[in-house]
Protein chains: 2
Amino acid sequence: MDGKGFPPDTAADGDGLERTWLKKLVGYHLRMAHLALYRDFVAAMSDFDLTQKQLAALELIATNPGASQVEIANALSMDRATMMGMVKRLLGRDLIERRASEIDRRRQEIRLSALGEETLNTVHGIIDRHEERFLSVISEHEREELIRLLRRLYERGGGT
Amino acid sequence: MDGKGFPPDTAADGDGLERTWLKKLVGYHLRMAHLALYRDFVAAMSDFDLTQKQLAALELIATNPGASQVEIANALSMDRATMMGMVKRLLGRDLIERRASEIDRRRQEIRLSALGEETLNTVHGIIDRHEERFLSVISEHEREELIRLLRRLYERGGGT
DNA sequence: GCAAAATCGTATGCATTGCATACTAATTGG
DNA sequence: CCAATTAGTATGCAATGCATACGATTTTGC
């Protein structure tokens, strides 16, 4: 069909730059899409100053009160040390509370503070709207397909 | 249908943690998938110490020799200031070279150094294998569909 | 029961990235 | 020619990510 002169995906985007090889990489698109979504996320959360990761942590803590730092960290594929940094920040903002476990005194049980719960409740709606807006360029069916594919990429074999 | 006791997606993953709400968010899966791929990328590149972003920058520079910092930055959705940091690091590692433009003396034209070209050549193969391996859990057709969906998310309307 | 191994929290330090701000030099538009 | 814009630069701050190391505690293996 169309015997036009220019190759299909060889030309650049809007900036006149060539990037044929990059465009073959799923990693490239994954990074760009995540970055775009993340920026929209941050903009939507500007009144609350929460990152994607912090929200995910708060949500996990809310749904699993009393979980330990390591459990939350593992669930989010985070390092113990990295988790510490986040916990400190969230503690400093009074969004969570911490208490040593009575059964296993190594563990620190984490749960939301009253402020944390209140914040999370408000934020839920904001995030839902942010997702709705950001994903409005693809259909409901495509969203499900996208989630399915993404999950397959990171929920690989895995176990022990 | 099945009147079993437990809800379909309410149960947790492998860790016993509940995360129903999070799983509805495309942003959550996008972040997790990107993180997983990124880690695999870093592991694959351990001999070269290049990040995804650095590789993308090098590739763009290679394909568009003489491009300015701002052009590369824009193409990768990067900030001018952030780009500076990366340029400094790449210069420090002798992977790129810089020269003031003779037409527009504000511009710094960037191009790969000999070492940069050599590195990029070697790295291409490594990345191709990394992508092949990481994406082996989904079919060729699914990869294309995934790329298509991701692009739609970040190549939105956009213009001015 | 006890010593060794594993686990959890903690602290430090380092690198990458992202963004805001501000300043200089150069170019472009009126 | 002057004002606005653009490119590069420098600084500083925050969030991550990861490595390493140490103390306290619990669990295992014998």
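Now for a look at the structure at hand. (Residues numbered from 1 in each chain as written. Chains lettered and ligands numbered in written order. Predicted model: local features only at pLDDT ≥ 70, side-chain atom pairs only at ≥ 80, totals over all residues. Heavy atoms only, no water.)

1. Description of the protein's contact with DNA strand C
Now for step 1: Within the structure, DNA strand C sits among 25 residues, and Val70 and Arg98 of chain A together with Thr51, Lys53 and Arg89 of chain B are positioned closest to it.
Now for step 2: Breaking the surface near DNA strand C down by element, the ones donating at least two residues are helix H2 (26-44), helix H4 (69-75) and helix H5 (80-92) of chain A together with helix H3 (52-63) and helix H5 (80-92) of chain B.
Now for step 3: Top element by residues in the surface near DNA strand C is H5 of chain B. It accounts for 5 residues. (Near = heavy atom within 4 Å. Helix = DSSP H or I, 4+ residues; strand = E, 2+ residues; numbered from the N terminus.)

2. With respect to the interface of chain B and chain A
Now for step 1: Contacts between chain B and chain A engage 60 residues on the former and 60 residues on the latter.
Now for step 2: Across the chain B/chain A interface, buried area totals approximately 6000 Å², and carbon plus sulfur atoms make up 67% of it.
Now for step 3: Three residues, Trp21, Arg31 and Tyr154 of chain B, lead the burial of chain B against chain A; their summed loss comes to 12% of the area buried on that side.
Now for step 4: Applying the counting criterion to the chain B and chain A interface returns 4 salt bridges.
Now for step 5: The salt bridge involving Arg148 of chain A is made with Glu142 of chain B; its shortest N-O contact spans 2.9 Å.
Now for step 6: Viewed at the interface, chain A and chain B are joined by 20 residue pairs in polar contact (both at pLDDT 80 or more).
Now for step 7: Elements that contribute at least two residues to the side of chain B that touches chain A include exactly helix H1 (20-24), helix H2 (26-44), H3, helix H4 (69-75), helix H6 (114-134) and helix H7 (140-154) of chain B.
Now for step 8: With 13 residues, the top contributor of residues to the side of chain B that touches chain A is H2 of chain B. (Contact = heavy atoms within 4.5 Å. Buried area = accessible area lost by both parts, 1.4 Å probe. Salt bridge = Lys/Arg side-chain N within 4 Å of Asp/Glu carboxyl O. Polar contact = N/O pair within 3.5 Å; in protein donor to acceptor, adjacent residues only side chain to side chain.)

3. What to know about the relation of the copies chain B and chain A
Now for step 1: Aligned on chain A, chain B shows an RMSD of 0.0 Å; the corresponding rotation is 180° and the shift along the axis is 0.0 Å. This pairing of chains is accounted for by a two-fold axis. For chain B, the residue whose C-alpha comes nearest the rotation axis is Leu146 of chain B, separated from it by 3.3 Å.
Now for step 2: A share of 100% of the interface residues of chain B reappears at the interface of chain A, consistent with the copies meeting face to face through the same patch. (Least-squares fit on C-alpha atoms with pLDDT ≥ 70 in both.)

4. Remarks on helix H7 (residues 140-154) of chain A
Now for step 1: Helix length check: H7 of chain A, at 15 residues, gives a terminal C-alpha distance of 22 Å against a target of 21 Å (1.5 Å per residue), a fit within 8%.
Now for step 2: Elements in contact with the buried residues of H7 of chain A: H2 and helix H6 (114-134) of chain A together with H1, H2, H6 and H7 of chain B. (Expected span 1.5 Å × (residues − 1).)

5. Details of the sheet that holds strand S3 (residues 108-112) of chain A
Pairing between the strands of a sheet is mediated by backbone hydrogen bonds and can be parallel or antiparallel.
Residue and element names in this part refer to chain A.
Now for step 1: Reading across the sheet, the 3 strands line up as S1-S3-S2 and stay open at both edges, with antiparallel pairing between neighbours. For this open sheet the edge positions go to strand S1 (67-68) and strand S2 (96-100), each flanked by a neighbour on one side alone.
Now for step 2: As paired elements, S1 and S3 share 2 bridges and run antiparallel to each other. Bridge pairing in S3 links Ser68 to Glu109.
Now for step 3: Here helix H3 (residues 52-63) sits on the sheet in contact with S2 and S3, set at roughly 100° to S3. (Pairing = 2+ DSSP bridges. Axes fitted to C-alpha atoms, helices over the stretch in contact; angles between N-to-C directions.)

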